[in-house]
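Chain by chain, the residues run as shown.
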Number of protein chains: 2
Amino acid sequence: MSFNQFDSHNSTLNSNTVSLLAPATVANVVCGFDVLGFALHEPNDEMHLRLTDEPGVRIVNEDDFGLPTEPARNVAGAALLAMLRTAPEVAGVEVRIRKHIRPGSGIGSSAASAAGAVVGLNHLLGNRFTQAELVEFAMYGEEVASGVRHADNIAPAIYGGVTLIRSTTPAPDVVPLDAPPLFVTVVHPQIEVKTSDARQILKQQVPLRDAVRQWGNVGALVAGLLKHDYALIGRALEDVIVEPVRSILIPGFEQVKSGSRAAGALGGGISGSGPSLFMLSQHEATAQAVAKVMRTTYEQLGLDYYVYQTTINTTGCRILPDVETRHFASRR
Amino acid sequence: MSFNQFDSHNSTLNSNTVSLLAPATVANVVCGFDVLGFALHEPNDEMHLRLTDEPGVRIVNEDDFGLPTEPARNVAGAALLAMLRTAPEVAGVEVRIRKHIRPGSGIGSSAASAAGAVVGLNHLLGNRFTQAELVEFAMYGEEVASGVRHADNIAPAIYGGVTLIRSTTPAPDVVPLDAPPLFVTVVHPQIEVKTSDARQILKQQVPLRDAVRQWGNVGALVAGLLKHDYALIGRALEDVIVEPVRSILIPGFEQVKSGSRAAGALGGGISGSGPSLFMLSQHEATAQAVAKVMRTTYEQLGLDYYVYQTTINTTGCRILPDVETRHFASRR
C-alpha cells in the first residue's frame with residue numbers, strides 16, 4: 001500500500017494527513033487521585049500526522065524542549081507503535097508536534113502528545129477504534145513518560161469533559177461525567193516537580209479512616225458534577241491523602257488555595273503531580289479574581305509563572321478543519 | 001404545657017401521637033464502606049410515639065429481643081434525648097417499638113429505631129427540623145449501638161432511596177442519589193456478627209493502590225446510579241478492601257455471590273457489617289433466581305435464614321395515615 005506525500009497546499013484533498021489540537025488536562029482533581037481528570041480549552045499542542053511509505057514511526061519535535069525522538073522513548077511514538085501493531089496495512093506515520101503545553105507543567109503535556117497521536121492516526125484510519133481503545137493505546141505513551149500506565153490525563157484528552165477512570169485493569173473503564181459549566185484558572189509556577197518524584201513521596205499505606213473520607217469526597221464530587229450542584233462540588237474538593245504530602249513541594253500552594261477560596265472559587269488544588277495549581281469557579285469574574293491571586297502570589301515569591309484562564313473542553317482532541325490545517329501547515 | 005393521653009380509638013384527632021414504619025437499610029453497598037446506603041421496602045419496624053407530661057423518654061419494646069429500655073442505652077432513646085434538648089417545650093416522649101428488623105441482622109435494625117424515633121418526634125413537633133438535622137440526632141442512637149457515630153444506615157432510613165454520606169464531620173453531609181429501579185434480594189443467615197467485631201478485624205492501614213481502586217469504584221457506582229447505567233453499576237460493585245476481610249466471617253458468602261452473578265444479578269455483597277448479604281438486580285425474575293440461590297446455599301449449609309425480596313424504598317420512614325395508625329394501635 002502506498003500513500004501520497006503530504007502537501008501543505010493541498011491538504012483538503014489529502015486523506016493521508018491530519019492536523020489537530022491536543023488539549024491540556026487536569027488530573028486527580030483534588031480528591032480523585034489517579035481516577036479523575038478534565039480537559040482544558042487552553043493550552044493545546046498542535047500536531048500533524050502523515051501516513052508514510054517508510055515503515056515505523058518518525059517523530060519531529062518542532063520545539064526546543066529536548067523531548068526524545070526515538071519512537072519507543074517518545075510518548076506519541078510509543079502510543080503509535082502500539083496502535084500500528086493492530087493496523088498492519090499501514091507502513092509508517094510521521095508526527096510533527098508543536099508543544100504549547102510545557103513538559104513538566106503538570107497539566108498533561110505527555111498525555112496530550114499520546115492522545116493527539118492516537119486520535120490523529122485513528123482519523124486517518126477511518127475512525128475504526130473506539131475512544132476506550134484509543135485510551136488504551138495512548139496509555140503506552142504515558143508509561144514511557146512516567147513509568148505508570150495511568151489514564152487520568154489520557155481519558156479526558158480523548159473523551160473531552162470530565163472523566164472518571166473506574167479502573168485501568170484489565171482494560172480502561174472510562175466514565176464520562178456530564179459536568180456543569182466551570183471556569184478553570186491554572187497557574188504554572190516555573191519550578192520542576194517530576195511525576196516520578198511526586199509519586200515516590202506518597203505513602204504506600206494510608207489510614208482506612210482517611211481513605212473513607214477520600215472516597216466519600218470522590219463520590220460526592222461525581223454526584224456534584226452530574227447533579228450540576230456547585231456547592232456540593234465545592235465541598236467535595238478536599239484531599240486528605242495526596243495534597244498534604246505533595247503540596248509541600250509547591251511554593252505558594254497555601255496562599256493560592258486560601259486566597260482563591262476567599263475570592264469565591266469552589267476549590268481546587270494540585271494539577272496532576274504539580275507544580276501547576278488549578279482552581280474551579282462558577283463565575284467568570286471569580287476566575288479572574290483567582291488569576292489575580294495567583295499572579296500576586298508568585299510575584300511576591302519572585303517566581304516566574306504562566307496563568308491560564310479557561311474553561312472545560314468538552315470535545316477533547318480536535319481534528320482541525322482543512323482551512324485551519326492549511327494555516328497550521330503554512331506556519332511551519 | 002400539657003398533652004392529652006394517647007387514645008387508640010381517636011388517633012385521627014390526636015396530634016400528640018404518631019405511628020410510622022421505619023425501614024431496613026443496606027449500608028456500605030460493596031465499595032462504599034461507611035459512605036453509601038439505601039433503604040428497603042421490607043422489612044420495616046413499626047413505631048408509635050406519644051408526647052407525655054412525664055419528663056424524659058420512655059421506651060416500650062414490644063418484642064423479646066432483649067433490647068435495653070434505659071433511654072440513654074437504647075438507640076431510639078439516645079436519639080430522642082438529643083432531640084429533646086432542642087425542644088424544651090416538650091416534657092416527655094413514649095416510644096413503642098415492634099421490631100421486624102432483627103437486631104444483629106446487618107440491615108440497619110438500630111438505625112431504623114433511631115431514624116423512626118426522630119422522624120416521629122419531628123412530625124409531632126410540626127416538622128421543624130430538616131432531614132440533615134434529623135440524621136444528626138439519629139446518629140446519637142447509632143453511637144449507642146455500635147460505638148461509632150456513622151450515618152450510612154441512618155441517612156437512607158430518613159431520606160429514602162440511595163444516599164451518600166460525604167462526611168460526618170463537622171455535620172453530616174448527605175447527598176441523595178436518584179437511582180434507577182433496582183430489585184434487592186437480601187438473605188439473613190442466622191449467625192451472629194457483631195458490628196463492633198466486624199469493625200475490629202478491619203486493617204487500619206490500607207494500601208494506597210487498593211484505596212485508589214476503591215474510590216474509582218465509589219465514583220463509578222455514584223455515576224452509574226445517577227446515569228441509570230445498570231452495566232456500570234454492576235462493574236462498580238467491587239470491594240477490594242472490606243469484603244476480603246469480612247466475608248470470611250460469613251458462611252456461604254462465595255456461593256451466594258458467585259451464584260447470584262451467574263443468575264444475572266448486577267452484583268452485591270455484605271449488607272453493613274453482615275451477616276446479611278444483598279444482591280441487586282435489574283429485573284424481577286433475576287431477583288427471584290437470586291433468592292433461590294440464597295435459599296439453596298443456606299439449606300445446603302444447614303443454617304436457618306430469612307430471605308427478603310424487595311425494592312428500594314425511596315421515601316424512608318413513612319408516617320402512617322390515621323386509618324393505618326388505628327389498625328396498628330388496635331393490634332397491640
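Residues numbered from 1 in each chain as written. Chains lettered and ligands numbered in written order. Predicted model: local features only at pLDDT ≥ 70, side-chain atom pairs only at ≥ 80, totals over all residues. Heavy atoms only, no water.

Rules: UniProt positions are given in the numbering used here, feature names are shortened, and annotations may be inferred rather than shown by experiment.
As recorded by an unreviewed UniProt entry, chain A carries the name Homoserine kinase and is attributed to Hymenobacter swuensis DY53. Taken directly from UniProt, the Function (unreviewed entry) text for chain A runs: "Catalyzes the ATP-dependent phosphorylation of L-homoserine to L-homoserine phosphate." According to UniProt, the comment filed for chain A under the heading Pathway (unreviewed entry) is "Amino-acid biosynthesis; L-threonine biosynthesis; L-threonine from L-aspartate: step 4/5."

## Observations regarding the relation of the copies chain B and chain A
Keep this limit in mind: The copies were overlaid with a least-squares fit restricted to C-alpha atoms from residues scoring a pLDDT of at least 70 in each copy.
Mapping chain B onto chain A calls for a screw motion: a turn of 180 degrees about the axis and a shift of 0.0 Å along it, with 0.0 Å RMSD after fitting. This pairing of chains is accounted for by a two-fold axis.

## Some details on helix H3 (residues 131-146) of chain B
All names here are of chain B. For the record, the criterion: Secondary structure elements are taken from DSSP: a helix is a run of H or I of four residues or more, a strand is a run of E of two residues or more, and numbering for both begins at the N terminus. Under the convention used throughout, the expected extent of a helix is 1.5 Å for every residue step, that is, one less than its residue count. With a 1.4 Å probe rolled over the protein chains alone, any residue whose accessible area is under 20% of its type maximum counts as buried; one over 50% counts as exposed, and the rest are partly exposed.
The first and last C-alpha atoms of H3 sit 22 Å apart over 16 residues, in line with the 22 Å expected at 1.5 Å per residue. Buried within H3 are the following residues: Leu134, Val135, Phe137, Ala138, Met139, Gly141, Glu142 and Ser146. Positive phi shows up at Gly147, right after H3, with a value of about 85 degrees.

## A few points about helix H1 (residues 75-84) of chain A
Residues and elements named next belong to chain A. Quick note on the threshold: Contacts: residue pairs with any heavy atoms within 4.5 Å of one another. The term polar contact refers here to a pair of N or O atoms within 3.5 Å; inside protein, the definition further demands a hydrogen-donor-capable atom paired with an acceptor-capable atom, and it admits residues adjacent in sequence only when both atoms are side-chain atoms.
Along H1, nine of the 10 residues are buried, which leaves the element largely enclosed by surrounding structure. Within the span of H1, buried status applies to Val75, Ala76, Gly77, Ala78, Ala79, Leu80, Ala82, Met83 and Leu84. Residues of H1 that are buried in the fold lie against strand S2 (36-52), strand S3 (56-61), strand S4 (92-98), helix H2 (109-124) and helix H3 (131-146). Taking the backbone nitrogen of Ala76 as reference, a side-chain oxygen 2.8 Å away marks Asn74 as the first, capping residue of H1.

## Quick word on the packing of helix H1 (residues 75-84) of chain B against H3 of chain B
Residues and elements named next belong to chain B. Here is the rule we go by: Inter-axis angles, ranging from 0 to 180 degrees, are taken between N-to-C directions of lines fitted to C-alpha atoms, where helices are fitted over the stretch in contact. Roughly parallel means an angle under 35 degrees; roughly antiparallel means over 145; roughly perpendicular covers 65 to 115; every other angle is labelled oblique. The hand of a helix crossing depends on one turn: near helix anticlockwise from the far one by less than a right angle means left-handed, and clockwise means right-handed. Polar here means any residue other than Ala, Val, Leu, Ile, Met, Phe, Trp, Tyr, Cys and Pro, which are nonpolar, and Asp, Glu, Lys and Arg, which are charged; Gly is therefore polar.
Packing of H1 against H3 leaves a shortest axis separation of 7 Å and a crossing angle of 140 degrees. Classified by the interaxial angle, the pair formed by H1 and H3 is oblique. The interaxial crossing formed by H1 with H3 has right-handed handedness. Listed contacts from H3 to Val75, Ala78, Ala79, Ala82 and Met83 of H1 are Leu134, Phe137, Ala138, Tyr140, Gly141, Val144 and Ala145. For the contact of H1 with H3, the per-class residue count stands at 11 nonpolar, one polar and no charged.

## What about the pattern of salt bridges?
Between side chains of opposite charge, pairing is possible as soon as their charged atoms come close. Residues and elements named next belong to chain A. Heads up, the condition is: Here, a salt bridge means any Lys or Arg side-chain nitrogen found within 4 Å of an Asp or Glu carboxyl oxygen.
Applying the stated criterion across every chain yields a total of 30 salt bridges over all chains. As a salt-bridge pair, Arg149 and Glu143 come within 3.7 Å of each other at their nearest N and O atoms. For Glu143, a relative accessible area of 34% corresponds to the partly exposed category.

## Things to note about the packing of aromatic side chains
The description of an aromatic ring pair rests on the distance of the ring centres and on the angle between the ring planes. Put simply, the rule reads: By convention, a stacked pair of Phe, Tyr or Trp rings (six-membered ring in the case of Trp) has centres within 6.5 Å and planes under 30 degrees apart, an edge-to-face pair has planes over 60 apart, and any other such pair is tilted. Our definition puts a charge over a ring when NZ of Lys or CZ of Arg is within 6 Å of the ring centre and also within 35 degrees of the ring normal.
With the rule as written, the count across this model stands at six aromatic pairs over all chains. Relative to Phe137 of chain A, the ring of Phe129 of chain A lies with its centre 5.0 Å away and its plane at 80 degrees, an arrangement referred to as edge-to-face. Like Phe129 of chain A, the residue Phe137 of chain A is buried in the burial classification. Consider the rings of Tyr298 of chain B and Tyr305 of chain B, whose centres lie 6.4 Å apart with planes at 35 degrees: the pair is tilted. On the accessibility criterion, Tyr305 of chain B (22% relative accessible area) is partly exposed. A cation over a ring is seen here: Arg149 of chain A above Tyr140 of chain A, with NZ or CZ 4.7 Å from the ring centre.

## A closer look at unusual backbone geometry
Of note, the bond from Gly274 of chain A into Pro275 of chain A is cis; its omega dihedral lies within 30 degrees of zero at 5 degrees. Secondary-structure assignment places Pro275 of chain A in the loop between strand S9 (267-270) and strand S10 (277-281). Cis peptide bonds are those with omega within 30 degrees of zero, and the linkage from Thr169 of chain B to Pro170 of chain B qualifies with -5 degrees. You can see Pro170 of chain B is positioned in the loop between strand S5 (162-167) and strand S6 (173-177). Of note, Asn28 of chain B is a non-glycine position whose phi angle comes to about 80 degrees, a positive value. Considering the arrangement of structural elements, one finds Asn28 of chain B in the loop between strand S1 (17-27) and strand S2 (36-52).

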